[in-house]
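As a plain string of letters, each chain reads:
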Amino acid sequence: MTKNTIFIVLMLVLSASCSFSKREKNLKIAVSQCSDDAWRRTMNEEILREASFHPGVEVVIKTAYDSNQKQIRDIESFISDRVDLIIVSPNEAVPLTPVIEKAMQEGIPVVLVDRKTSNSQYTAFVGADNFQVGKEVGVYTANLLNGKGNVVEIRGLKGSTPDMERHEGFVSIIKNYPDIKIVYENDGGWLRSQAKEKMTEALQMTPSIDLVFAHNDEMATGAHEAIRVASGIRKPLILGIDALPGTEGGIQRVLNGTIDATFIYPTGGEKAVQTAIRILKKEPYDRENILYTAVVDKTNARVLKLQTDQIIQHQNRIGQLNTVLDLNLAQYSAQRILLYFSLAVLFIILVLLVLLFRSYRHKNKVNRELEITNIAINRQKEELSEQRDQLITLSKNLEDATQAKLVFFTNISHEFRTPLTLLHGPLESIFQNEKLSPDGSRLVQLMRKNVQVLMKLIDQIIEFRRYENGKMQMYFTLSDLRLFISDISESFVELSKRKHLHLKFSASDDDFTVWFDSDKMEKICYNLISNAMKFTPENGHINVHLSKELKENEQFARLTISDTGPGISEQHIHQIFDRFYKADRRAAGSGIGLALTKVLVELHNGTIEVQSTEGKGTVFSILIPFKQKDISISEQYPVFSNNFNRGEEMELIEQDNNAVEIDKEDSLSTTDKPRILVVEDNADVRIYIKTLLNNDFEISEAVNGQEGFLKAMKQVPELIISDVMMDLMDGFELCKNIKENISTSHIPVILLTACAMDEQRAMGFESGADAYIPKPFNEQLLKIRVRKMIENREKVKEYFQKNLTFGERKEQVAEIDKTFMAKFRKVIEDNLIDSDLNVDEIGKSLGLSRVQLYRKIKSLTNYAPNELVRIIRLKAAEQLLLQSEKTISEIAYDTGFTSPSYFTKCFKEYFNESPTEYTKRVKH
C-alpha cells in the first residue's frame, strides 16, 4: 500500500469522523405539573412519548403536589437552568401569574396546558374550553332530568380556572331550568376522599338527590362510594369529567356502573409538545389550541374502550420500537468511539473503516425500516382517532326508533275480512279439486298461506283495538288448566317430531281447577309454544311445565315454557313485548304475537316475564291467579271440555317449514342461460319470482343487500331484481353501491317495493335504479321489463364491439362504463409496444382483480380481455399500415406482437386477409 493511498484513507476517515461529530443541538423542555392525579400522569406519558419522536429533545418533569409555593420554586429553578421552553399546568391562576411573567421576560417561551393564568402573558395555550365543558354537562343534565330535579355539584380545587369555568358553564345552562335546583355545592379538591366526605355531608342535608355532577371522575367515584354506604336513599345519577382509558379510568367506570356518564377531557400532552417544537423551530403555530369534549355513557363506552385499548397497544409498540432504536443508536455510538481510539494505527484504521462502512449500511437499513414502521403506526393511530371521533358523532345522533301505530290498520281491518274470505274459499277449492302443475301447486300454496297469515294478523289487530277501546270481553270458566295445556301441547307433538325437536309437557300433582278464558288462554299458549318451535334448532328441547305457587296468601298457577334456542340479547329483551318489535328482522311474523300475549295475560290479572341467555335459550314464565276478582255470576260456571280447533294455526307453522324446504330444493344450475340475481328478504317472494323466471334464466338468490352486493361482485349477473326494505343494507344502498363500483356498474337494477310513493321512486332513481316496480307487481310486466333490459345489455355489447377503439361515443351507454372502456383503451395504447403486457397488469392499473376485469370486459363487449387487447393492437396496426411507411415487421413489433408471423396470423383471422393483401387493396 503506497503512502498516497494511506494518506487518502486517513483523510476519508477524518472526514467521516467530523461528519459524525456534528449533532443536532439538544433542546430542553421543562414540565411543571400542579398535581399527581391519573389525568396528569396520562398527560406526562403523552408528553414523553411525543418527545421521543424528536431526537435531541430532553424533557424534565416536576410535580408540585397541589402546592403553589412548590410549583413557583420549580419554575424558578427552570428559569435558572435556562431551559429552552416551559410547559406549565398552573395549580391556581393568580399565585402562578408573576413567576410565569418572569419566565416570559427572561425570553423563555411558556406553554400553558389545561389551565390559564390571570392574564394573557404566555406564548401558547393547549386545553379544553372548561366553560364549554360545563355547558355540555348542563345540557346533558337537563335532558336526563327532563328539566326537573335536585342536583349536587362537587367542584374542583377552589381558585383553579377549571373549577371556576366549569361551574360557570354549568350554571349558565341550569339557570334556564327553574325546576332544576343545585341543592348542595362544595369544594372536593379534585380528590376522591374529599369528594366522598362532601357527598356524605350532602346526603345528610338533602337525602332527595336526582343527580350528582363531580368536576372529575375521581370525585365522581368518591361520590359513588358515599352513596353506596348510605341507606334508605334512591341512587342518583352520577356524572364526571375526564373519560380516561385504562382499568381505573372513567370509561371503565361507566362500563362498571360506578358512574352513569363522563365527558371526555383531552389531556393535550401530544399537542403541547408539538406546539413547543414549532415554537422552538420558529415555525407557525396556533396560540390558542382548544380541545373538544364529548359525552361517554352506556351507549358508546364499550366502543370507545375498544378504540382506546387498541391505541394503547399501538403506543406500547411505539415504546418498544423506540427502545430498539435507542439500543441501535447506543451501539452506533460505541462503534464511533472505537473508531476515534483507532486512528493512531493505520492497520486498525483500515479494519475499522471496513467495519464502520458495514455498520453504517446496516444502521441505515434499520433506521429506514423503523421509520417506515413508525409512519405506518402513526397512520394507524390517526385512522383510529378518526374512527373514534366518528363513533362519538354517531352516538350523539342515534335516537331510539319510535313504535308503529295501529291507527290505519285497525280502521280497515274489517274491510279486509270480506275480500280475504272470498280469496280463501276459492283457493281452497282450487287446491283440493283442481289438477295443477308443480309450479301451479306451489303458487297456490303460497297464496293460501299468505291469506291465512293476513287473516291471523287482522284478528290480532282487532283484538288490540278492542283492548285499547276497553271493549275486549273476558269469558271466564272454571276448568282444569293442566288438561287444557296438555291438550294444546299434544297438538304440537307431531310437528315437533318432523322438526326433530324434543317437546315435553309436565305438571305437578296439584289440583289446577282455575278460572280462565279458554279462548284467550289458547292464544297465549299457542303464541309461546309456536315461537319456541320457530327459533329452536334441530335436536333442541322445549319444555312446558305447570306448577302451583303461593304468593301473599293467594294461589297462582305458574306456566313456564323454555327452549334451547339462540336466546335473546340483553339489548332486545327489554323491548320484546313491544308492538311490532322483532329482535330478528329477518324472522317471519309481524312482531305482534308477544305484545298480544302480554295483554291477554294481564287481562287474566296475571304477569309474564322472560329470561334469556344468548346461546343457551329463553324461558317465558306466566303467573295466573286461581280465582278472578270482579267477575259476574253468569261468567262463573264450570266447563271441563277442552277440545278446541287449531287446525289452521298448525297448518300455518307447517307451511312455514315447507317454504324453507322448497327454497332449499332449488340449487344453482350450470346452464348457459343469463343469470339474474334476486335480492329479497321474504322467502315466499323469492320463490314466486324464481318460479316466474327460471324457465328462461339462471336464478341466484340473496336475503339482504349486503349478501346481494357480495354475490353481484362474485357472479356479475346480467340483471339484479331487489327489494327496497331489507336488513343490513337496503335496496337503495345496494343499487348505489352496484352503480358506483367499477366491476358492477354496468348491471341493470330493478327495484321492487311495497311503497309506491313518489318520494321513494325519486330515491330509487337517484340511487341509479334502471326500473322501479311497485308491489304487488304484474307477472307479465316483470317479464317484459326483464327481457327488455337483457336486450338493452346486448345492444351495449354490440356498441362496444363496434366502438371499442376509435369509434364515436354514444350517449345511451352509461358514463361510468364509457369512462372505464376509455381507461382500458388508454392502458393498452400507452403500453402498445410492450409484448409482455398481461391481464394482471391491466387489472392492477384499473384497480380490479384478474377475475373482476374478465367479467367486466366480458359483460360489456362479449370479448375476453386478451381478445380485446389483441383487437386493439390489430386496429392500431391497421392505422399504421394506412398512415406510415413502416414495414410489416416494424408494425408488428410496434404494436406488441412477439413475431411478424404471429402478427400476420392474427391479422388474417380478424380482417380475413393478410397485411400485405390489405395494404395492396386499400392503397391501390
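Calculation criteria
Residues numbered from 1 in each chain as written. Predicted model: local features only at pLDDT ≥ 70, side-chain atom pairs only at ≥ 80, totals over all residues. Heavy atoms only, no water. Helix = DSSP H or I, 4+ residues; strand = E, 2+ residues; numbered from the N terminus. Buried < 20%, exposed > 50% of the residue type's maximum accessible area, 1.4 Å probe, protein only. Contact = heavy atoms within 4.5 Å. Areas by Shrake-Rupley, 256 points an atom, 1.4 Å probe, with all protein chains shown as cover. Expected span 1.5 Å × (residues − 1). Pairing = 2+ DSSP bridges. Axes fitted to C-alpha atoms, helices over the stretch in contact; angles between N-to-C directions. Parallel < 35°, antiparallel > 145°, perpendicular 65-115°, else oblique. Nonpolar A, V, L, I, M, F, W, Y, C, P; charged D, E, K, R; others polar. Right-handed = clockwise from strand over helix to strand, strands pointing away.

The next subject is the overall build of the protein. Along the backbone of the protein there are 32 helices and 25 strands. The proportion of buried residues among the 924 residues of the protein is 46%. In the protein, the proportion of contacts linking residues at least 24 apart, taken out of those at least 6 apart, comes to 70%. Counting only carbon and sulfur atoms, one obtains 51% of the accessible surface of the protein, whose full area is about 48300 Å².

Turning next to helix H2 (residues 38-51). Look at H2: 20 Å from first C-alpha to last across 14 residues, which is about the 20 Å you get at 1.5 Å a residue. Within H2, ten of the 14 residues are buried, which leaves the element mostly enclosed by the surrounding structure.

The subject of this paragraph is unusual backbone geometry. The backbone of Asn146 sits at a positive phi, close to 55 degrees, despite the residue not being glycine. Within the element layout of this structure, Asn146 appears in the loop between helix H5 (130-145) and strand E6 (149-155). Its relative accessible area of 69% is what places Asn146 among the exposed residues. The phi dihedral of Trp190 falls on the positive side, at around 65 degrees, and the residue is not glycine. Mapping Trp190 onto the fold places it in the loop between strand E7 (180-187) and helix H7 (192-205). Overall, Trp190 belongs to the buried group, its relative accessible area being 9%.

Within the open sheet, the six strands sit side by side as E2-E1-E3-E4-E5-E11. Their pairing is parallel. Edge positions in the sheet fall to strand E2 (57-63) and strand E11 (288-291), since each has one partner strand and no second. Between one strand axis and the next, the sheet turns through 15 degrees on average, direction left out of account. Here four bridges tie strand E5 (residues 124-128) to E11, and the two strands are oriented parallel to one another. Bridge pairing in E11 links Val126 to Asn289.

The contact between helix H29 (residues 865-883) and helix H31 (residues 900-911) brings their axes to 10 Å, and the two run at 95 degrees. One finds that H29 runs roughly perpendicular with respect to H31. Of the residues in H31, those in contact with Arg870, Ile871, Leu874, Lys875, Ala877, Glu878 and Leu881 of H29 are Tyr902, Phe903, Cys906, Phe907, Tyr910 and Phe911. In terms of residue class, the contact of H29 with H31 is made up of ten nonpolar, no polar and three charged.

This next bit is on the environment of Gly617. Position of Gly617 relative to the elements: it lies in strand E19 (residues 617-625). Counting along the chain gives 76 residues from Gly617 to His541, while the straight-line C-alpha distance between them is 9.5 Å. Those residues in contact with Gly617 that sit more than four places away from it in its chain are Asp563, Thr564, Gly565, Gly567, Gln611 and Ser612.

With that out of the way, let us pick up the side chain of Arg558. For Arg558, the location among the structural elements is in strand E17 (residues 554-563). Contact partners of Arg558, with chain neighbours within four places excluded, come to His545, Leu546, Ser547, Glu549, Ser621, Ile622 and Leu623.

Quick look at the pairing of strand E3 (residues 85-88) now. In E3, alternate side chains face the same way, and those of Leu85 and Ile87 on one face and Ile86 and Val88 on the other are all buried. As paired elements, strand E1 (residues 27-33) and E3 share four bridges and run parallel to each other. In the sheet register, Val31 faces E3, and the bridge partner there is Ile87. Viewed along the sheet, the connection from E3 through helix H4 (residues 93-105) into strand E4 (residues 110-113) turns out right-handed.

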